[in-house]
Amino acid sequence: MKVILNVDVKHLGEEGDVKNVATGYARNYLLPRALAVPFTPETEALFESKKAEIEARKEIKRQNARSLKEKLEGSSFEIVMPAGNNGKLYGAVTTQVIADALAKQGFDIEKKRIELAGIAIKTVGNYHATIKLYESQTAEITISVKAQEAAEDKADSKKAEKKEEKKAEKAETEENA
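Bear in mind the structure is a predicted one, so any value in this text is a computation, not a measurement.

**Notes on the side chain of Ser-144**
Then, in step 1: Position of Ser-144 among the secondary structure elements: in strand 9 (residues 138-148).
Then, in step 2: Judged by its relative accessible area of 16%, Ser-144 falls in the buried class.
Then, in step 3: Side chain to side chain, Ser-144 and Asn-126 meet in a polar contact 3.2 Å long.
Then, in step 4: With residues up to four places along the chain from it excluded, the contact list for Ser-144 reads Phe-77, Glu-78, Ile-79, Gly-125 and Asn-126.

Listed below in structure tokens is the structure:
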């Protein structure tokens, strides 16, 4: 069945595209959700009149993707995670963690648009990730994964501080006595 897409449909096409799809897919999914309309001479004429408007929206999306690509590739991203002495992370840096780090720096990117070389990052170091933008545009970003100061080190330093404070208090009381 031939349809004309009303909106961008992932893995199918963009607004205004004429696609040949399975009848059941069109009847049960695309048409009830108003994602597409049946291909008829009337709907074809309607979309021909909207062609300039649709192309203008696509060009705006392309420009936004280009500017986002420039901003992303010019930025560095640091993720601090708890890790052992050997550099192995206690957790893992996933696409969700990267998306959260990007959101903290003002980039609104869905986790499904981020691609890592493996499933997740499990050791400290520098890594590359690819972010899919609009159409075939992608941005390469560098992620620096660093180890968080271990909880044991923090506890040891706090104990040492308390001992120093007690010694200082003892010295004061002995001087005053």
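**Some details on the sheet that holds strand 1 (residues 2-5)**
Then, in step 1: Read across the open sheet, the three strands follow the order 2-1-3; overall the sheet is antiparallel. Looking at the sheet topology across the chains shown, the edges are occupied by strand 2 (18-20) and strand 3 (36-38). The sheet shows a mean angle of 35 degrees between the axes of neighbouring strands, taken without regard to direction.
Then, in step 2: Of the strand pairs in this sheet, strand 1 and strand 2 are connected by three bridges, and their pairing is antiparallel. The partner of Lys-2 across the bridge, within strand 2, is Asn-20.
Then, in step 3: Strands strand 1 and strand 3 of the sheet are contacted by helix 2 (residues 41-49), whose axis makes an angle of about 25 degrees with strand 1.

**Focus on the nonpolar core**
Then, in step 1: Counting residues in each nonpolar core, the largest one holds 25 residues, and the members touching the most others are Leu-72, Val-93, Ile-98, Leu-102, Ile-114, Ile-131 and Ile-141.
Then, in step 2: In this structure, Val-3, Leu-12, Leu-30 and Ala-36 belong to the second largest nonpolar core, which totals nine residues.

**Things to note about the pairing of strand 9**
Then, in step 1: In the sheet, strand 4 (residues 77-82) pairs with strand 9 via six bridges, with the strands oriented parallel. Pairing of Phe-77 across the sheet is with Ile-143, part of strand 9.
Then, in step 2: Bridge analysis of strand 8 (residues 125-132) against strand 9 gives eight bridges, and the strand direction is antiparallel. Across the sheet, residue Ile-131 finds its bridge partner in strand 9, namely Ala-139.
Then, in step 3: Linking two consecutive strands that pair antiparallel, namely strand 8 and strand 9, is a turn of five residues; a positive phi of about 55 degrees is found at Glu-135 within it.

**A few points about helix 3 (residues 51-73)**
Count 3.6 residues to each turn of an α-helix, and residues three or four apart come out pointing the same way.
Then, in step 1: Over its 23 residues, helix 3 extends 33 Å from the first C-alpha to the last, a length consistent with the 33 Å expected when each residue adds 1.5 Å.
Then, in step 2: Turning to helix 3, the residues buried within the fold contact helix 2, strand 4, helix 4 (95-104), strand 8 and strand 9.

**Here's the deal with the packing of aromatic side chains**
Then, in step 1: On inspection of all chains with the given rule, the structure shows two aromatic pairs.
Then, in step 2: Judged by centre distance (5.5 Å) and plane angle (10 degrees), the rings of Tyr-25 and Tyr-29 are stacked. With Tyr-25 and Tyr-29 both in helix 1 (residues 23-30), this residue pair falls four residues apart, about one helical turn.
Then, in step 3: Residue Tyr-25 is classed as partly exposed on the basis of its relative accessible area, which comes to 32%.
Then, in step 4: Considering the side-chain rings of Phe-77 and Phe-107, the 6.0 Å spacing of their centres and the 75 degrees angle between planes classify their relative orientation as edge-to-face. Of this pair, Phe-77 sits in strand 4 while Phe-107 sits in the loop between helix 4 and strand 6 (114-116), and the two are 30 residues apart along the sequence.
Then, in step 5: For Phe-107, a relative accessible area of 11% gives the class buried.
Then, in step 6: Taking the ring centre of Phe-39 as reference, the NZ or CZ of Lys-2 above it sits at 4.8 Å.
Then, in step 7: Of note, Lys-50 hangs over the ring of Phe-47, and the distance from its end group to the ring centre comes to 5.4 Å.

About the thresholds
- Residues numbered from 1 in each chain as written.
- Predicted model: local features only at pLDDT ≥ 70, side-chain atom pairs only at ≥ 80, totals over all residues.
- Heavy atoms only, no water.
- Helix = DSSP H or I, 4+ residues; strand = E, 2+ residues; numbered from the N terminus.
- Buried < 20%, exposed > 50% of the residue type's maximum accessible area, 1.4 Å probe, protein only.
- Polar contact = N/O pair within 3.5 Å; in protein donor to acceptor, adjacent residues only side chain to side chain.
- Contact = heavy atoms within 4.5 Å.
- Pairing = 2+ DSSP bridges.
- Axes fitted to C-alpha atoms, helices over the stretch in contact; angles between N-to-C directions.
- Core = buried A, V, L, I, M, F, W, Y, C linked by side-chain atoms within 4.5 Å.
- Expected span 1.5 Å × (residues − 1).
- Phe/Tyr/Trp six-rings, centres within 6.5 Å; stacked < 30°, edge-to-face > 60°.
- Lys NZ or Arg CZ within 6 Å of the ring centre and 35° of its normal.

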